[in-house]
Every structure is written in structure tokens, then in C-alpha cells.
Amino acid sequence: MTGWDGFQERLAEQLAALPAGAVVVLSETGTALPPKTAKGSRYAQFRQDPEALSAELSGDRHLEGAARAGEEGARLLVAAGWRAPDAADRVGNWCAALPWPSPAADYRRLASMVVTGLHTVFRIPAPSSLAYTAWEAEHGNRPLELPLLGLVRED
């Protein structure tokens, strides 16, 4: 299986296998590390803590023009299960979390939420337009290889 359906399945498998302390960023090719000041990076990021897997999707605050989710995109993200950005939060990203461990169905649901955000709302045309960076924060930020994703790793 290829395309977004195949990517969604691989993402669910990879998220379920993350070690504690893992940090993963999926973004458009060439922007794997979300810039702190530049606008335009559409991304999803994850952190596996001992108790939960947290997920974020870039909020409109980080995007310009047509890259933004807008009102219709926001409705789709809420319907998919994302928690809307908190106005008081300086980051302003869409959020979700799973307790750890979680059943496989929950990882599949989270992966579906990510695909809804990246493909349906942010209009990223194909998983091949994505790259990832990942590291183990609890092991000196050692690089983490995620072969199940089937994406290019950017450092």
C-alpha cells in the first residue's frame, strides 16, 4: 500500500514503537526542524514520555496565507480529534495525546488525525513531500532512526 493510506499505517506502527524520550518531527522536505521565527513550516511533532505520547500539529500562528488551516480546516481538525490551540499558549499548536501504553487502534486513530492535518487540511500532496528528524532526548539527543516511516531523514 502506498500514498497516504500506506503512510498512515506505517506512522501508526512507528509511533507505537517509540522509546521513552523520543522526539519526532515530520515536516515538508527541507524544513524538518520547525523554525522559531520563520513562517511557513507545516509539521507534526511527537514526544514519547513515560506516561503519554503527545502530538502537535502546526497552528496558523506559524503559517502564512494559503498554508493556514483557516476556519474550514479548523473544523476538519476538531472533527478529526485535535484539540484547538489555546489562545494563551505562546506556541499555538493543535494538540493531542495518548496514554502510554495505548492499544493499536489508538495509534491508528492518531495517525489518521495526522494525515487529516498534513494532507487534507495543509494540502501536502504526498508523503514523499515529507522528511523527518528524530532523537532520543533521554540519551543525549542521540539520533533516532525510524525506518517504518519510509521517509527521508533530515538532520
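Residues numbered from 1 in each chain as written. Predicted model: local features only at pLDDT ≥ 70, side-chain atom pairs only at ≥ 80, totals over all residues. Heavy atoms only, no water.

- An unreviewed UniProt entry annotates the protein chain as TY-Chap N-terminal domain-containing protein originating from Streptomyces roseolus.

**Regarding the side chain of Gln14**
Thinking step 1. As for its placement among the helices and strands, Gln14 is situated in helix α1 (residues 3-16).
Thinking step 2. Residues contacting Gln14, with those up to four places away along its chain left out, are Leu146, Pro147, Leu148 and Leu149. (Helix = DSSP H or I, 4+ residues; strand = E, 2+ residues; numbered from the N terminus. Contact = heavy atoms within 4.5 Å.)

**Looking at the packing of aromatic side chains**
Remark: the centre distance and the inter-plane angle together describe each pair of aromatic rings, the angle taken between the planes.
Thinking step 1. All told, the structure shown has 1 aromatic pair when counted by the stated rule.
Thinking step 2. Ring geometry for Trp4 against Phe7: centres 5.8 Å apart, planes inclined by 90 degrees, an arrangement best described as edge-to-face. Taken together, the positions of Trp4 and Phe7, both in helix α1 and 3 residues apart, correspond to about one turn of that helix.
Thinking step 3. Given the relative accessible area of 10%, Trp4 is considered buried.
Thinking step 4. Look at Phe7 and you get buried, because its relative accessible area is 0%. (Phe/Tyr/Trp six-rings, centres within 6.5 Å; stacked < 30°, edge-to-face > 60°. Buried < 20%, exposed > 50% of the residue type's maximum accessible area, 1.4 Å probe, protein only.)

**Section: the pattern of salt bridges**
A side chain with one charge may pair with a side chain of the opposite charge, provided their charged atoms come close.
Thinking step 1. Overall, the coordinates contain 5 salt bridges when judged by the stated rule.
Thinking step 2. The closest approach of N and O atoms between Arg42 and Glu28, which form a salt bridge, is 2.4 Å. With Arg42 in the loop between β1 (22-28) and β2 (43-48) and Glu28 in strand β1, the pair connects residues that are 14 residues apart, well separated along the chain.
Thinking step 3. Judged by relative accessible area, which is 14%, Arg42 ranks as buried.
Thinking step 4. Where Arg153 meets Glu145, a salt bridge forms, and the shortest distance between an N and an O atom there is 3.7 Å. (Salt bridge = Lys/Arg side-chain N within 4 Å of Asp/Glu carboxyl O.)

**Describing the pairing of β1**
Thinking step 1. Across the 7 residues that make up β1, a large majority, 7, are buried.
Thinking step 2. Looking at chain direction, β1 and strand β5 (residues 130-136) are connected through 7 bridges and run antiparallel. By the bridge assignment, Leu26 is partnered in β5 with Tyr132. (Pairing = 2+ DSSP bridges.)

**Points about unusual backbone geometry**
Thinking step 1. Residue Pro101 follows Trp100 across a cis peptide bond; omega there is -5 degrees.
Thinking step 2. You can see Pro101 is positioned in the loop between β4 (94-99) and α3 (104-121).
Thinking step 3. Phi is positive for Arg123, close to 60 degrees, though the residue is something other than glycine.
Thinking step 4. Residue Arg123 is classed as partly exposed on the basis of its relative accessible area of 44%.
Thinking step 5. One non-glycine residue, Asn141, adopts positive backbone phi at about 60 degrees.
Thinking step 6. Tracing the chain through its elements places Asn141 in the loop between β5 and β6 (142-143).
Thinking step 7. Overall, Asn141 belongs to the partly exposed group, its relative accessible area being 48%.

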